[in-house]
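# What the coordinates show
As a plain string of letters, each chain reads:
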Protein chains: 4
Amino acid sequence: MTAYSSVYVPERPGMRDLGRLLISCPDRPGIVATVTGYLFRSGATITESQQYTTDPNAGRFFLRLEFVLPELERKLADLEHGFTDMAEAFGMEWRFTRAARIKRLAIMVSKADHALQELLWRRKTGDLRAEISMVISNHPDLAETVHGWGLPFHHIPVSAETKAEAEEKQLNLLADDVDTVVLARYMQVLSPDFLSRFPNQAINIHHSFLPAFVGANPYAAAEQRGVKLIGATAHYVTADLDAGPIIEQDVCRVDHRHSVADLRRSGRYVERAVLARAVSWHVEDRVIVHDNKTIVFA
Amino acid sequence: MTAYSSVYVPERPGMRDLGRLLISCPDRPGIVATVTGYLFRSGATITESQQYTTDPNAGRFFLRLEFVLPELERKLADLEHGFTDMAEAFGMEWRFTRAARIKRLAIMVSKADHALQELLWRRKTGDLRAEISMVISNHPDLAETVHGWGLPFHHIPVSAETKAEAEEKQLNLLADDVDTVVLARYMQVLSPDFLSRFPNQAINIHHSFLPAFVGANPYAAAEQRGVKLIGATAHYVTADLDAGPIIEQDVCRVDHRHSVADLRRSGRYVERAVLARAVSWHVEDRVIVHDNKTIVFA
Amino acid sequence: MTAYSSVYVPERPGMRDLGRLLISCPDRPGIVATVTGYLFRSGATITESQQYTTDPNAGRFFLRLEFVLPELERKLADLEHGFTDMAEAFGMEWRFTRAARIKRLAIMVSKADHALQELLWRRKTGDLRAEISMVISNHPDLAETVHGWGLPFHHIPVSAETKAEAEEKQLNLLADDVDTVVLARYMQVLSPDFLSRFPNQAINIHHSFLPAFVGANPYAAAEQRGVKLIGATAHYVTADLDAGPIIEQDVCRVDHRHSVADLRRSGRYVERAVLARAVSWHVEDRVIVHDNKTIVFA
Amino acid sequence: MTAYSSVYVPERPGMRDLGRLLISCPDRPGIVATVTGYLFRSGATITESQQYTTDPNAGRFFLRLEFVLPELERKLADLEHGFTDMAEAFGMEWRFTRAARIKRLAIMVSKADHALQELLWRRKTGDLRAEISMVISNHPDLAETVHGWGLPFHHIPVSAETKAEAEEKQLNLLADDVDTVVLARYMQVLSPDFLSRFPNQAINIHHSFLPAFVGANPYAAAEQRGVKLIGATAHYVTADLDAGPIIEQDVCRVDHRHSVADLRRSGRYVERAVLARAVSWHVEDRVIVHDNKTIVFA
């Protein structure tokens, strides 16, 4: 992207040859035996396995495997090729990924820095196994913060009149370098057209326990209702505002003393933790979307 | 009420002479000094004190004091009489209560026993400092359970046609013996007329994290939305369904594996804990309602 | 056992033919493929699968499978027979169990009833999928409680002089009817000889967050140290006091206001929840002991 | 201190005239009435009040008041002077503080940055109402991080031979500019002599749930014992290692999959949160030490 983008993500031992296989298909006997048999014959050692079925009789089956296969990068095309017939026979949606092919994120923010700082710090420590390609904001305020972490910052103002044009600029930046867009308190609604470019690849943090307090100013609404807990929700963004598949939620306790400003301050700690967990699971291919809900193999 | 009602609630040391004073008034300087000075001159020792103001300038002020005054029962009328002028000068709403005058509850249930069992067990251990005068149900199922705890059980069936008549029967039972009505998963909506008899004295447990999933079948709605936490809410019942002042809320973590039945099973543990805490605070005069919200001096 | 023992545990759909396979062996490639291939050929459908390896290179591998096999009861001996050679080749420790063969518990208590009540209630609701064969106590206090739930209660007093004799009586009662012993606040130390009869089959609840506050009076020690959280620990009992494999732990928040008695009261809610979870996992064959630690496939 | 030290801490409305009064004395009737009467006559408005007694009969009484008094800075000496006789009559230990007189911290670190980053970020947002005068480390690693936040960093290496000399250098730096020392994962033991300069003014974060896992390598010990929760403890440092008064503790859930390295990674999130809360309470004069325990008026 620029000189900035030489982000270092530390490797886990063996991560170079670590592969993942995600499968979704109609449930029926023999799937696991067939798939694990194939991997065994291909020389792979399974290190992690999780599965879920909506119903053993005629439901939908989901499987996530991690495996080590020496020289994975070189062998991957063959591995995929050899899997095709089997996959077709079972009616599978499937994909292999390599852990070493680290996902590239663009983070979009407005003025609040808490979720951004958390993601930047977790990337540096390796808890978030992703590259951060750039930060895009509709305000200039966080430029210095982002540069302090050695990353590119793009200021693209947005107004009602310039929105289409601004999104075009954003899409040009994201074009061929970014896998996933993270809305880390980005206070603009993205167009359906923009979002269609990132199906189940755009993650937002909403500052309430959805579906409570959909829309703007959830903390003011929470204060008005007198709730005893406030929450945050990380979800994939869809054209339907605040209604996309929920990846993660958490809450913290509040009481009658909390003003709207106090709720907002307290809420930041929940927001940053919830978003960081959701993004981590996403970049490690632990989230499967089905029927506007998520299966999280955490 | 009957031979049943000789419920034993163990006394804390000194509880016989333990008094409480609750005050709500426009905030202005000198309230605490005046009130505590009066109690001191009356021979009382303050053992607990909590206060809250919505705004030190022109807000509303709330105060809860616990104090020990030897021979409180005999002296209470004088204590109240002596307080009247001061209270009027400050524009106070106020009340003294004696801890030894234990509140009497009626519990209303349908078929589920978890919240009921918890209240009965906590009453026995003394964690819930209340008498339970009776249990009323629109179903006969829990009669044996209630009798097992040595308490009276009244079965009053309710249908669309008989609702008014049933409520009259209920009110007759509650007439002069009950301070507070606890709806421990009572699956009928009470009429505004019934509720007007128990202003801020009827507590319901709703099986969701309000204001999410108002109304019937919240667990089915939660499963449909794919939330990652489910909750429960204890609130005072008002004529506006599920919209009364919230006393307490809590949540537990769930995931994609939870069916609606699993959510319902898991939710019971949150429901019973939330309701029990709310009722405990209520019977110890720790909850003040203001502006459809609660101040809980826990 | 007696007329008492006709305990009803509700069945999940399909539970009649639900089987479990637990395996522990040196890790090496091909285990999952081999095992699932065998189950598939045997006509079983896998419904749940969890695995763990201490180290993919030369570590130890653990696997738990749940599967449905029509007419499991009739076919189980054949299933086990057919598995033997394979198991030997991999050096496996293994066992098949049938979910419908519900485990039988004896609960041992002293005077406190909270953990006992919770287990009894969870058994009734089916959240604890076990039979409770009997309750044994060194005090008579809880006889009525236990009889109220329709279960046999055995009072066996224990003193320093009578301990050996008492344990013999206990063992006679447990003899051929009980799989697992649950110490639900039983305040006597069991002899190594007694415990040798229930290897990884006796579960205790200790009223602290182990290894903090080993031994007697943990709440007094916690108050003395001024901790801000108190905890409870469910563990398998070994001859080494409070040092057996930990199954589950949890905590609750306390503060400077809590006396020792308050800690004891608050702690009961953590104790009962921690013990109930541990026992549930145990009776569903979700706990594997390795190296004085537990692997919990929850 | 240097050009660095122009740290900005945002003001709450009215914080300029916000005062605090902390009192500890033998309990007896009339304390609150006397103290609040005095403040009222002095023109102060009480905005927050918390009290605790170890025993209403002959125990020790603790009180924390926040109040607004116009022109507090100018009037403080008079306020203190007028309070002296009363305080003597009741045998009080007491102090008035001004919220606007923000406490100055020195943070001591080694190589880990998580607790440091959290304190720096919270200071910037105003959630931590303190100035950070400097960061001192026995390693050079975090120099750039600290400079990035615009703060002075002092590298003072420590070895067995140079320890006394190093502490002298540290004390010279701290001399007249620092109220409180925060050990944010500083991996050296401070001498009793050093600590005697900061009685109840040096806060450490220990990476275990004390008193479990006292001393070095608590995560290795936790992994060895197979605990299901790991914790962190913020405490005042005393000459007795890991045995000082506990200010705050918290835990997070772990399971059999966590290696020692995983525990260490997970634990950082608990450590930083626990330390930040403890330091916040400390700098707002919310912590009173009594009998090697803390009373926290949070």
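What follows deals with the overall build of chain A. A tally of regular secondary structure across chain A gives 8 helices and 13 strands. Here the C-alpha atoms of chain A give a radius of gyration of 21 Å, agreeing with the 19 Å that 2.2 N^0.38 yields for 298 residues. Structurally, chain A occupies a C-alpha span of about 60 × 50 × 35 Å along its principal axes. Every one of the 298 residues in chain A was classed for burial, and the buried ones make up 44%. Within chain A, residue pairs in contact and separated by at least 24 positions form 68% of the contacts whose partners lie at least 6 positions apart.

Quick look at the environment of Gly 30 of chain B now. Examined against the element boundaries, Gly 30 of chain B turns out to sit in the loop between β1 (18-26) and α1 (31-41). In sequence terms Gly 30 of chain B and Phe 90 of chain B are 60 residues apart; their C-alpha atoms lie 9.6 Å from each other.

Each partner contributes to the interface: chain A provides 15 residues, whereas chain C provides 15 residues. If you list the elements that add at least two residues to the side of chain A that touches chain C, you get α1 (31-41) and β2 (45-53) of chain A. Among the elements that line the side of chain A that touches chain C, the one with the most residues is β2 of chain A, at 6 residues.

Listed per partner, the contact involves 22 residues of chain A and 22 residues of chain B. Contributions of two or more residues to the side of chain A that touches chain B are made by β11 (246-253) and β13 (293-296) of chain A. Residue classes in the side of chain A that touches chain B are distributed as 11 nonpolar, 5 polar and 6 charged.

This part takes up the pairing of strand β5 (residues 103-109) of chain C. Residue and element names in this part refer to chain C. Counting buried positions along β5 yields 6 of 7 residues, so the element is predominantly enclosed. Judged from the 7 bridges that link them, β5 and strand β6 (residues 130-137) form a sheet pairing that is parallel. Residue Leu 105 lies in a different strand from β6, and its bridge partner there is Ile 132. Handedness of the crossover is the feature at issue here: the chain leaves β5, passes through helix α3 (residues 114-125), returns alongside β6, and the resulting connection is right-handed. Pairing between β5 and strand β8 (residues 180-183): 4 bridges, direction parallel. Opposite Met 108, over in β8, you have Leu 183 as the bridge partner.

This part covers the relation of the copies chain A and chain B. Note on the copies: chain A fits chain B at an RMSD of 0.0 Å, the axial shift is 0.0 Å, and the rotation between them is 180°. Between the two chains, the operation in question is that of a two-fold axis. Ranked by how close their C-alpha atoms come to the rotation axis, the residues of chain A are headed by Ala 212 of chain A, at 2.2 Å. In this assembly the copies share their binding face: 100% of the residues contributing to the interface of chain A also contribute to that of chain B.

Right, let's talk about the sheet that holds strand β2 (residues 45-53) of chain D for a bit. Residue and element names in this part refer to chain D. An order of β2-β3-β1-β4 is seen for the 4 strands of this open sheet, with the pairing classed as antiparallel. Sheet topology places β2 and β4 (93-98) at the edges, where each strand pairs with a single neighbour. Averaged over neighbouring strand pairs, the angle between their axes works out to 10° when direction is ignored. Pairing analysis gives 8 bridges linking β2 to strand β3 (residues 60-68), with the strands arranged antiparallel. By the bridge assignment, Ser 49 is partnered in β3 with Leu 65. The sheet strands contacting helix α2 (residues 72-90) are β1 (18-26) and β4, and the helix crosses β4 at an angle near 170°.

We now examine the relation of the copies chain A and chain C. Least-squares fitting of chain A to chain C yields an RMSD of 0.0 Å, with the superposition described by an axial translation of 0.0 Å and a rotation of 180°. A shared interface surface links the copies, since 100% of the contact residues of chain A are contact residues in chain C too.

Turning to the domain arrangement of chain A, a few remarks are in order. All names here are of chain A. If you check the domain split of chain A, you get domain 1 (15-98) and domain 2 (103-296). Contacts between the two partners involve 8 residues from domain 1, matched on the other side by 5 residues from domain 2. Within the residue set of the side of domain 1 that touches domain 2, elements represented by two or more residues are β1 (18-26) and β3 (60-68). Tallied by class, residues from the side of domain 1 that touches domain 2 come to 3 nonpolar, 2 polar and 3 charged.

Backbone hydrogen bonds are what pair the strands of a sheet, in a parallel or an antiparallel way. All names here are of chain B. Read from one edge of the open sheet, 4 strands run β2-β3-β1-β4, paired in antiparallel fashion. Lying at the two open borders of the sheet, with one neighbouring strand each, are β2 (45-53) and β4 (93-98). Averaged over neighbouring strand pairs, the angle between their axes works out to 10° when direction is ignored. Contacting β1 and β4, helix α2 (residues 72-90) crosses the sheet at an angle of about 170° to β4.

With that settled, the discussion passes to the packing of helix α7 (residues 218-225) of chain A against helix α8 (residues 260-283) of chain A. Residues and elements named next belong to chain A. Two elements in contact, α7 and α8, have axes whose closest approach is 9 Å; the angle formed by their N-to-C orientations is 120°. The orientation of α7 with respect to α8, classified from their angle, is oblique. Pair α7 / α8 crosses with right-handed handedness. Contacts between α7 and α8 pair Tyr 219, Ala 220, Ala 222 and Glu 223 from the former with Val 260, Leu 263, Arg 264 and Gly 267 from the latter. Residues that form the contact of α7 with α8 fall into these classes: 5 nonpolar, 1 polar and 2 charged.

Next up on the list: the nonpolar core. Within the largest apolar cluster, 329 residues are counted, with the highest numbers of intra-cluster contacts made by Ala 184 of chain A, Ala 184 of chain B, Ala 184 of chain C together with Ala 184 of chain D. Beyond its immediate sequence surroundings of up to four residues, Ala 184 of chain A is in contact with Ile 107, Met 108, Val 109, Ala 115, Leu 116, Leu 119, Ile 205 and Leu 275 of chain A.

With 12 residues, helix α3 (residues 114-125) of chain D extends 17 Å from end C-alpha to end C-alpha; this agrees with the ideal 16 Å at 1.5 Å per step. On the buried face of α3 of chain D, the contacting elements are α3 (114-125) of chain A together with β5 (103-109), β6 (130-137), β8 (180-183), β9 (202-206) and α8 (260-283) of chain D. Phi turns positive, to about 90°, at Gly 126 of chain D, one or two residues after α3 of chain D.

The subject of this paragraph is the packing of helix α3 (residues 114-125) of chain B against helix α8 (residues 260-283) of chain B. All names here are of chain B. The N-to-C vectors of α3 and α8 enclose an angle of 45°; their axes lie 9 Å apart at closest approach. Judged by the inter-axis angle, α3 sits oblique to α8. As for the relative orientation of α3 and α8, their crossing is right-handed in sense. Residues His 114, Ala 115, Glu 118, Leu 119 and Arg 122 of α3 form the contact with α8, whose own contacting residues are Arg 268, Glu 271, Arg 272, Leu 275, Ala 276 and Val 279. Each residue belonging to the contact of α3 with α8 can be placed in one class, and the counts come to 5 nonpolar, 1 polar and 5 charged.

The predicted coordinates of low-pLDDT regions are not to be read in fine detail. Here chain A averages 94 in pLDDT, and 95% of its residues register 70 or above. Across the predicted assembly, pTM comes out at 0.95 and ipTM at 0.94.

Moving on to unusual backbone geometry. Omega for the peptide link from Leu 210 of chain A to Pro 211 of chain A comes to 10°, which places this bond in the cis form. Take Pro 211 of chain A: it is sitting in the loop between β9 (202-206) and α7. Phi angles above zero are rare outside glycine, and Asp 242 of chain B is one such case at about 60°. Relative to the assigned elements, Asp 242 of chain B resides in the loop between β10 (229-236) and β11 (246-253). Even without being a glycine, Asn 292 of chain C presents a positive backbone phi close to 60°. Note on placement: Asn 292 of chain C falls in the loop between β12 (287-290) and β13 (293-296). Owing to 16 C-beta atoms within 10 Å, Asn 292 of chain C belongs among the partly exposed residues under this scheme.

What follows covers the pairing of β1 of chain B. All names here are of chain B. Judged from the 9 bridges that link them, β1 and strand β3 (residues 60-68) form a sheet pairing that is antiparallel. Pairing of Leu 21 across the sheet is with Leu 65, part of β3. Direction of pairing for β1 relative to β4: antiparallel, over a ladder of 6 bridges. Bridging across to β4, Ser 24 finds its partner in Glu 93.

Here we come to the environment of Gly 19 of chain B. Turning to its location among the elements, Gly 19 of chain B is positioned in strand β1. The sequence separation of Gly 19 of chain B and Leu 72 of chain B amounts to 53 residues, and the corresponding C-alpha distance is 7.2 Å.

Analysis parameters
Residues numbered from 1 in each chain as written. Chains lettered and ligands numbered in written order. Predicted model: local features only at pLDDT ≥ 70, side-chain atom pairs only at ≥ 80, totals over all residues. Helix = DSSP H or I, 4+ residues; strand = E, 2+ residues; numbered from the N terminus. Rg over C-alpha atoms; globule rule 2.2 N^0.38 Å. Buried ≥ 20, exposed ≤ 12 C-beta atoms within 10 Å, placed from the backbone. Contact = placed C-beta atoms within 7 Å. Nonpolar A, V, L, I, M, F, W, Y, C, P; charged D, E, K, R; others polar. Pairing = 2+ DSSP bridges. Right-handed = clockwise from strand over helix to strand, strands pointing away. Least-squares fit on C-alpha atoms with pLDDT ≥ 70 in both. Axes fitted to C-alpha atoms, helices over the stretch in contact; angles between N-to-C directions. Domains from an automatic or database assignment. Parallel < 35°, antiparallel > 145°, perpendicular 65-115°, else oblique. Left-handed = near helix turned anticlockwise from the far one by under 90°. Core = buried A, V, L, I, M, F, W, Y, C linked by C-beta atoms within 7 Å. Expected span 1.5 Å × (residues − 1). pLDDT = per-residue confidence, 0-100.

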